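# Examination of the molecular architecture
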Amino acid sequence: MTNIRNRIEHQFAAFARTIYHHRFKTLFIMIVAIGALLSQLPTIVIDTSTESFLHKTDPALLTYNDFRDQFGRDEVVIVALKPQQVFDINFLKTLQKLHTDLEENIPYLDDITSLINARNTRGEEDLLIVEDLLENWPENKEQLQAIKQRAMSNPMYENMLISKDGTFTTIIIQTQSHSSTGPENEIMEGFEDFDDTIQVPADKKRKYLTDEENTEVVQAVENIVKKYQSDDLPIYIAGSPAVVHFLKEAMMSDMSKFMLLAVLTVSILLYIMFRRISGMVLPMLIVILSLLSTISLMAIFGVPIKIPTEILPSFILAVGVGSSVHILSIFFHRLRKTKNKEESIVYTIGHSGLAVMMTNMTTAAGLISFANASVAPVAELGIFAGAGILLAFIYTIVLLPALIAIIPLSSKKTESLRKNNRIMDTILESIGHFSTTHPKKILFVSFCITSIAFIGIFSIQFSHYPLKWLPETNEIRVATEKIDKELNGSLSMEILFKTNRENGLYEPELLNRIETAGNEFIKISNQEFFIGKAWSVTTLLKEINQALNGNDPAAYTIPQNKPLVAQELLLFENSGSDDLEDFVDSQFSMARLTLKVPFVDGMLFDPVEKEITDYLNKNFADIDFQITGLVALLAKTFNNTTTSMAESYLIALAVITLMMILLIGRIRIGLLSMIPNLVPIIMMLGVIGWFGFPMDLFTMMVASIAIGLAVDDTIHFMHNFRRYYEQSGDPKKAVFETLHSTGRAMLVTSVVLSVGFFIYMFASMQNIVRFGFLTGFTIIMALASDYFIAPALMVLVNKKRA
């Protein structure tokens, strides 16, 4: 095994010499290749929708797509107004102006509903009249009072268009479910909705409303609402399209701002460490090219940037800087001794090339093991982060030596670096002495601290609550929490009932069961989660029945006669209203039951969904049913995330362990080397548990960076320790030699990156604050593990020999 490693190291050295002698050719080839790759960068898109968390073939997403094709988009923008009095003639005129302004200026609008055009179903003798609530504008107080009484007594309006206490009123904005972009959408436009029995081939399916189009809608609503908002008329904007838009804006603002600050901080620290411009520019150039190339790969394969993949720049920064700093640290150290650039490059790549390759391949292999994750962004992050690491390796081994060979390096800079190294050498000397003199004490104290951290793991609370990522004073968070409280929810859960036969919904017995189900579900409550309202075709049918029975409130019931059900629904269709298509399909074989729910922690959705499923299995065993809608996707996402990440991390650790054994060449030492890898991860998880941080998607992503950095440092330490131990046979001397060579690069990398990530703690979004703190903390713990635990283990298990 030693001979194989030696041959590989010699080949790396020979490769570096070739690069040096053909540096201009190498640079030209790299520029052409990178330029071709980066040409695809402008085609990258961003998708922050909830459905983007699921794979395109996921059954839950396919069900949701079928629902959207049939009934349209279930996600609505809610504009809630709190006037002095809702039923005041002046306010109603303002409401009408706002309603008209929104209707005329919002793009991709499908429907808009408020008290102005709310459905008012009534009967006059034998006629069924379906008109707008304010079809006839009130001219006096008596007429206004009659409209108020009609609105407040309508069960469908309650907590939908007006709050129960009558202090809030809303405008409900429903957008088109399909995008307007793409030639196939123009061709298919109108045909899918003409007859819902027509089966459209999968490759001809119209594209759903895009993230950019959703942004246009929310921005238009926001701009219009500002014109009407005042101290006397507070207006709140909520609903999942608005939340998604503001989350995306806040995330991109914070991540881009603090990523730039992190890059600036890292650059400054690199300059301080190396005391030369090249020591700052070269690592950052490798990182930037690696990141842009990775994003270009995503664009080539049509993979959009999503919320979890927004940490990709941070990941590439961490791993890319680590590899290039290791190379530059050894190179400058060697150059100071030899004054020969060619020999220094050849020595550096021969010395650290194999270790850099193994660190990058091990980290990439661990990440690529995420490829089978059931959460789409996690799988994509694993694939493209792994690809980005391999690109960073290629740029580090090929482009970096070529640039070093071309760039003139003055000897004065190498002499000034000597002063910097004296302080570093003193620190490393002290660490080496302590870790080799007291190995058992170090391991005992480490075991105690790690045990305490391990206990904290059992206190971890899983969470998927994007709304809480925003500051408490954020306008969209305030608006959503206000509307959830005053109007009993801002999201919806959908249940589809399929009879699989034409006119199957005419059966009064089935309609009674659907009505009962809605009433039972309203009783469900789980901590902050509740079901605030339920409505279906039975709600519409009760309205019709009441109107045809002299508007008698006692007739607000479901007709218990099949022909009568059919007749009343036919009368409604002939009234000129198209509202029936919002509840049933054209064949009257499928109906939807909509449940209104608040925007709460995703972990609360799953138990409620299970309770609903148990009820449906018991009471609807004779027909097909499906639970879908945005809330169902949130629950699915949360379940997929926890199981996927747990499985992926176990696979990643198994892959990394195997590669560590192959690198070191001994099973026992390979397994022991995983201890310094696992300790920082356990410490990070312990901090999450003890400090009560929620284990959300962003927190889970920290572990991927933790694994990458911990593995990198450990491989570099073990690789060089093995080399020096084979040369001297003295484990203590090998530890000192390792710390004075690769240990210097480990210190530079860890200090630079930890400070860079701690910068994120000044962000406005709580998930990014926790991400920065936990990543910086884990980097420090990884360095401490490799400075103290790894040397202590090596001294104890490796005997001194002649």
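Everything numeric in this text was worked out from a predicted model, so none of it was measured.

With that settled, consider the packing of helix 10 (residues 277-300) against helix 11 (residues 312-338). With their axes 8 Å apart at the nearest point, helix 10 and helix 11 run at an angle of 145 degrees to one another. Once helix 10 is placed against helix 11, the crossing between them reads as right-handed. The residues of helix 11 that touch helix 10, namely those facing S278, G279, L282, P283, M284, V287, S290, L291, T294 and M298, are L312, P313, I316, L317, G320, V321, S324, L328 and F332.

This paragraph deals with the side chain of R513. Take R513: it is sitting in helix 17 (residues 508-521). Only 2.8 Å separates the side chain of R513 from the side chain of E509, close enough to count as a polar contact. The contact partners of R513, leaving out residues within four places of it in the chain, are N619, F620 and D622.

Spatially, 11-12-8-13 is the arrangement adopted by the four strands of the open sheet, whose pairing is antiparallel. With partners counted over all chains shown, the strands left at the sheet margins are strand 11 (533-535) and strand 13 (624-628), one partner each. Between one strand axis and the next, the sheet turns by 15 degrees as a mean value, whatever way the strands run. Pairing between strand 8 (residues 491-498) and strand 12 (residues 590-597): eight bridges, direction antiparallel. Paired with L491 across the bridge in strand 12 is V597.

Another aspect to go through is the packing of aromatic side chains. Inspection of the entire model under this criterion finds 18 aromatic pairs. With 5.2 Å between their ring centres and 75 degrees between their planes, F529 and F605 make a pair best called edge-to-face. Note that F529 is positioned in strand 10 (residues 529-530) and F605 in helix 20 (residues 605-619), a separation of 76 residues in sequence. Residue class for F529 comes out buried when judged on its relative accessible area of 0%. For F605, a relative accessible area of 0% gives the class buried. By way of ring pairs, the aromatic residues F691, F693, F773 and F777 are connected into one cluster. Positioned above the aromatic ring of Y208 is the side chain of R68, whose terminal nitrogen or guanidinium carbon lies 3.9 Å from the ring centre.

Remark: a regular strand shows side chains that alternate across the two faces of the sheet. Burial runs high along strand 5 (residues 169-175): seven of the seven residues are buried. Of the two faces of strand 5, the one holding T169, I171, I173 and T175 and the one holding T170, I172 and Q174 are both buried throughout. Two strands pair when backbone bridges link them, and strand 1 (residues 76-81) and strand 5 are joined in this way by six bridges, in the antiparallel orientation. Looking at strand 5, one finds that L81 is bridged to T169.

It is worth spelling out helix 17 at this point. Because the α-helix completes a turn every 3.6 residues, residues three or four places apart line up on one side. Between its terminal C-alpha atoms helix 17 stretches 20 Å, which fits the 20 Å expected from 14 residues at 1.5 Å a residue. For helix 17, the complete set of buried residues consists of P508, L510, L511, R513, I514, E515, A517, G518 and F521.

Together, E103, E104, D110, D111, D578 and E581 line one region of the surface with negative charge. Contributions of two or more residues to the negative patch are made by helix 4 (89-105) and strand 2 (109-113). Within the secondary structure layout, E104 lies in helix 4.

A few words now on a positive patch on the surface. Judged by side-chain charge, K440, R666, R668, K799 and R801 come together as a positively charged surface patch. Structurally, the position occupied by R668 is in helix 22 (residues 667-672).

Looking now at the packing of helix 9 (residues 240-274) against helix 10. Here helix 9 crosses helix 10 at 140 degrees, and the two axes come no closer than 7 Å. Relative to helix 10, the element helix 9 lies oblique. Crossing geometry of helix 9 relative to helix 10 is assigned as right-handed. Counted together, V263, V266, S267, L270, Y271 and F274 of helix 9 and I277, G279, M280, P283 and M284 of helix 10 form the full contact between these two elements. For the contact of helix 9 with helix 10, the class distribution of residues is nine nonpolar, two polar and no charged.

Counted at 1.5 Å a residue, the expected span for helix 8 (residues 211-228) with its 18 residues is 26 Å, and the 27 Å between its end C-alpha atoms agrees. Those residues of helix 8 not exposed but buried are D211, E213, N214, T215, V217, V218, A220, V221, E222, I224, V225 and Y228. In this fold, the buried residues of helix 8 make contact with strand 1, helix 4, strand 5, strand 6 (235-238), helix 9 and helix 16 (475-487).

Its identity is not glycine, yet N503 carries a phi of approximately 65 degrees, on the positive side. Within the secondary structure, N503 is located in the loop between strand 8 and helix 17. On the basis of relative accessible area, N503 is assigned to the partly exposed category, the value being 29%. Phi at F588 is positive, roughly 55 degrees, even though this residue is not glycine.

Moving on to the pattern of salt bridges. Under the definition given, this model contains 23 salt bridges. For R17, the salt bridge goes to E342, with nearest N and O atoms at 3.0 Å. Highlighted residues: R17 in helix 1 (residues 2-21) and E342 in helix 12 (residues 341-368), separated in sequence by 325 residues. Under the relative-accessibility criterion, E342 is labelled buried at 18%. Salt bridges sharing common partners tie together E9, R722, R723 and E726.

The subject of this paragraph is the pairing of strand 4 (residues 127-132). As judged from the six bridges shared by strand 3 (residues 119-124) and strand 4, these two strands associate in the antiparallel manner. In the sheet register, G123 faces strand 4, and the bridge partner there is L128. Counting the residues that bridge the hairpin from strand 3 to strand 4 gives two residues, and of these E125 lies at a positive phi of roughly 55 degrees.

What follows deals with the environment of L783. As for its placement among the helices and strands, L783 is situated in helix 26 (residues 766-797). Its relative accessible area of 11% is what places L783 among the buried residues. Through-space distance from the C-alpha of L783 to that of H716 is 12 Å; in sequence the pair is 67 residues apart. Look past the residues within four positions of L783 in its chain and what remains in contact with it is D713, M746, L747 and S750.

Let's shift gears to the confidence of the model for the chain. Of all residues in the chain, 93% have pLDDT values of 70 or greater, and the mean over the chain is 86. Contacts from residues 186-198, a stretch scored under 50 in pLDDT, to residues over four places away or in other chains number 16 contacts.

Let us look at the sheet that holds strand 5. Ordered in space as 2-5-1-6, the four strands form an open sheet in which the pairing is antiparallel. Among the strands making up the open sheet, the edge pair consists of strand 2 and strand 6. Strand-to-strand twist in this sheet, taken as the mean axis angle between neighbours without regard to direction, amounts to 15 degrees. Across four bridges, strand 2 lies against strand 5 in antiparallel orientation. When the sheet's bridge partners are listed, D111 is paired in strand 5 with Q174.

A grouping of L261, L264, I268, Y271, I272, I277, V281 and L285 is seen on the molecular surface, where their side chains present a nonpolar patch of about 650 Å² in accessible area. Listed by contribution, the elements that provide at least two residues to the nonpolar patch are helix 9 and helix 10. Take the nonpolar patch: its biggest share by element is five residues, from helix 9. Inspection of the secondary structure assignment puts I268 in helix 9. Look at I268 and you get partly exposed, because its relative accessible area is 45%.

This part is about the nonpolar core. Counting residues in hydrophobic clusters, the biggest one holds 246 residues, and the most contacted among them are I173, F521 and I612. Looking at which element gives the most residues to this core, the answer is helix 13 (residues 376-406), with 17 residues. For I612, the contacting residues outside a window of four places in its chain are M493, I495, F521, I524, I531, L595 and I627. L54, L61, F71 and L496 belong to the second largest nonpolar core, which has eight residues in total.

Criteria and cut-off values
- Residues numbered from 1 in each chain as written.
- Predicted model: local features only at pLDDT ≥ 70, side-chain atom pairs only at ≥ 80, totals over all residues.
- Heavy atoms only, no water.
- Axes fitted to C-alpha atoms, helices over the stretch in contact; angles between N-to-C directions.
- Helix = DSSP H or I, 4+ residues; strand = E, 2+ residues; numbered from the N terminus.
- Left-handed = near helix turned anticlockwise from the far one by under 90°.
- Contact = heavy atoms within 4.5 Å.
- Polar contact = N/O pair within 3.5 Å; in protein donor to acceptor, adjacent residues only side chain to side chain.
- Pairing = 2+ DSSP bridges.
- Phe/Tyr/Trp six-rings, centres within 6.5 Å; stacked < 30°, edge-to-face > 60°.
- Buried < 20%, exposed > 50% of the residue type's maximum accessible area, 1.4 Å probe, protein only.
- Lys NZ or Arg CZ within 6 Å of the ring centre and 35° of its normal.
- Expected span 1.5 Å × (residues − 1).
- Patch = residues over 30% accessible without salt bridge, like charges linked within 9 Å, V, L, I, M, F, W, Y side chains within 5 Å.
- Areas by Shrake-Rupley, 256 points an atom, 1.4 Å probe, with all protein chains shown as cover.
- Salt bridge = Lys/Arg side-chain N within 4 Å of Asp/Glu carboxyl O.
- Lys, Arg positive; Asp, Glu negative; His and termini not counted.
- Charge placed at Lys NZ, Arg CZ, Asp CG, Glu CD.
- Parallel < 35°, antiparallel > 145°, perpendicular 65-115°, else oblique.
- Nonpolar A, V, L, I, M, F, W, Y, C, P; charged D, E, K, R; others polar.
- pLDDT = per-residue confidence, 0-100.
- Core = buried A, V, L, I, M, F, W, Y, C linked by side-chain atoms within 4.5 Å.

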